[in-house]
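In case you want the letters, here they are:
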Amino acid sequence: MKNILITGGSGMIGERLTDQLLQRGYHVSHLGRRKSDGKVTTYVWDIDRKYVDPEAFRNVDAIVHLAGANIGEKRWTRKRKKEILESRIDTTRLLYNELKKQPHAVKSVVCAAGSSYYGLDNGGKLAEEDDKPGDDFLAIVCQLWERELDKFQELGLRVVKLRASIVLSSNGGALKKMKRPTELYVGAVLASGLQPMTWIHIDDHCGIIIKSLEDSSMSGAYNSVAPNPVTNEQFTKELASVLHRPILLPHAPAFILRIVFGEMATLVLNGVRLSSKKIIRA
């Protein structure tokens, strides 16, 4: 399996994954809004027009599906919630429909699904892949998304759903946002600080994606997480220590966070602890 097509390849995870695959001798291509021939070839897809360049699938062995609107980028207005849902459902459905109607060599689909599947507050237990899903907004998004992913099995494809939590990278993403206040001496523990934070380093997450591509015995859902979830307070203090900054401010009150971020504040006020047993076994 040497030819990999990536959606969302220009994002933080997609760029790092592309580099790691190229270093391993894979041939990589992307799906994006504009055709280009840089480090890898990017083929055009247009979700609104339901169009994918048919050349994108030529000789492709596997698809890594990373496309989806950033859940922490903007306030969750009704419009933004619709974008978050449709960016996952519509892109997945478009890939399925294209593969269904044309000859192809694709054997597997690996998708970076969300750990929010379990809900943003599951009582602190270690969530395992067979646990029941949550019922909040993001949990419902994840369930509908995975339902679309499972349809690829109807085409005889192997499907791997990686439920990743916070992916940490020095090149951007969540860590960049969390670092900035601490660097400016205004870092603070959020609310009680007891809410769990499950995380994974970007290279480990990309390594798990590559393992999913290479290991044909892997199928279904896996939590793509490090084995040691921490609390917000533990993470905040560790981050301050690494940055050589003191934590001078008191805990940031929950009601202030809700005023500033609206419903999106649930991302930092709640959390879920994920078990890594299944992916470690794999």
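See the structure above.
Residues numbered from 1 in each chain as written. Predicted model: local features only at pLDDT ≥ 70, side-chain atom pairs only at ≥ 80, totals over all residues. Heavy atoms only, no water.

Undergrad: I would appreciate a short explanation of the packing of aromatic side chains in the present structure.
TA: How two aromatic rings sit relative to each other is set out by the distance from centre to centre and by the angle between their planes. Applying the stated rule across the entire model yields three aromatic pairs. With a centroid separation of 5.9 Å and 80° between ring planes, the pair formed by Tyr96 and Phe152 is classed as edge-to-face. Here the residue Tyr96 occupies a position in helix H2 (residues 78–101), and Phe152 occupies one in the loop between helix H3 (137–150) and strand S9 (158–164), the gap between them amounting to 56 residues. By relative accessible area, Tyr96 is classed as buried at 9%. Relative to Tyr118, the ring of Tyr117 has its centre 5.4 Å away and its plane inclined at 85°; by these criteria the two rings are edge-to-face. The exposure class of Tyr118 is buried, given its relative accessible area of 4%. If you follow Lys81 out to its NZ or CZ, it ends over the ring of Phe137, 4.9 Å from the centre. For the cation-ring pair, Arg163 lies above Tyr117, with the distance from its terminal atom to the ring centre recorded as 3.7 Å. (Phe/Tyr/Trp six-rings, centres within 6.5 Å; stacked < 30°, edge-to-face > 60°. Helix = DSSP H or I, 4+ residues; strand = E, 2+ residues; numbered from the N terminus. Buried < 20%, exposed > 50% of the residue type's maximum accessible area, 1.4 Å probe, protein only. Lys NZ or Arg CZ within 6 Å of the ring centre and 35° of its normal.)

Undergrad: What is the right way to read the nonpolar core from this model?
TA: Side chains that are nonpolar tend, in soluble globular proteins, to be buried together. Within the largest apolar cluster, 26 residues are counted, with the highest numbers of intra-cluster contacts made by Ile4, Ile6, Leu17, Leu21 and Val64. Of all the secondary structure elements, the ones that give two or more residues to this core are strand S1 (3–7), helix H1 (12–23), strand S6 (62–65), S9 and helix H5 (202–214). Of the residues forming this core, the biggest block, six residues, is contributed by H5. In this structure Ile6 touches Leu17, Thr18, Leu21, Val28, Ser29, His30, Leu31, Val64 and Leu66, once residues within four positions along its chain are discounted. Counting residues in each nonpolar core, the second largest holds 24 residues, with Leu31, Trp145, Phe152 and Leu157 among its members. (Core = buried A, V, L, I, M, F, W, Y, C linked by side-chain atoms within 4.5 Å. Contact = heavy atoms within 4.5 Å.)

Undergrad: Is there a simple way to think about the state of the cysteines in this case?
TA: Each disulfide is one covalent bond, formed between the sulfur atoms of two cysteines. Under the definition given, this model contains zero disulfides. Cys111 takes part in no disulfide bond, and the closest cysteine sulfur, belonging to Cys142, lies 9.5 Å away. A relative accessible area of 1% means that Cys111 is categorised as buried. The closest cysteine sulfur to the non-disulfide-bonded Cys206 is located on Cys111, 14 Å from its own sulfur. Take Cys206: its relative accessible area is 0%, and that puts it in the buried class. (Disulfide = S-S within 2.5 Å.)

Undergrad: Looking at this structure, I do not really get the side chain of Arg163. What am I missing?
TA: Assignment of secondary structure puts Arg163 in strand S9. Residue Arg163 is classed as buried on the basis of its relative accessible area, which comes to 3%. Only 2.8 Å separates the side chain of Arg163 from the side chain of Glu146, close enough to count as a polar contact. (Polar contact = N/O pair within 3.5 Å; in protein donor to acceptor, adjacent residues only side chain to side chain.)

Undergrad: For this particular structure, what's the right way to read unusual backbone geometry?
TA: The bulk of non-glycine residues show a negative phi, and the bulk of peptide bonds are trans. Backbone geometry at Asn59 places phi at a positive 65°, although glycine is not the residue there. Mapped onto the elements, Asn59 comes out in the loop between strand S5 (51–52) and S6. You will see that Ala191, though not glycine, has its phi angle at about 55°, which is positive. Assignment of secondary structure puts Ala191 in the loop between helix H4 (173–183) and strand S11 (196–197).

Undergrad: Explain the pattern of salt bridges to me, please; I cannot follow it from the model alone.
TA: Where charged atoms of side chains with opposite charge meet at close range, the side chains can pair. One pass over the full model with this rule turns up 21 salt bridges. As a salt-bridge pair, Asp19 and Lys39 come within 2.6 Å of each other at their nearest N and O atoms. Here Lys39 lies in the loop between strand S3 (36–37) and strand S4 (41–46) and Asp19 lies in helix H1, a separation of 20 residues in the sequence. Asp19 gets classed as partly exposed once you look at its relative accessible area, which sits at 24%. In this structure, the salt-bridge partner of Lys161 is Glu146, at a minimum N-O distance of 3.4 Å. On the criterion of sequence distance, the pair formed by Lys161 in strand S9 and Glu146 in helix H3 is long-range, its members being 15 residues apart. There is no split in this pair, since Lys161 and Glu146 are both buried. Each of the salt bridges in this network shares a partner with another, and the network as a whole consists of Glu146, Asp150, Lys161 and Arg163. (Salt bridge = Lys/Arg side-chain N within 4 Å of Asp/Glu carboxyl O.)

By themselves, these figures tell us nothing about what the structure is for.
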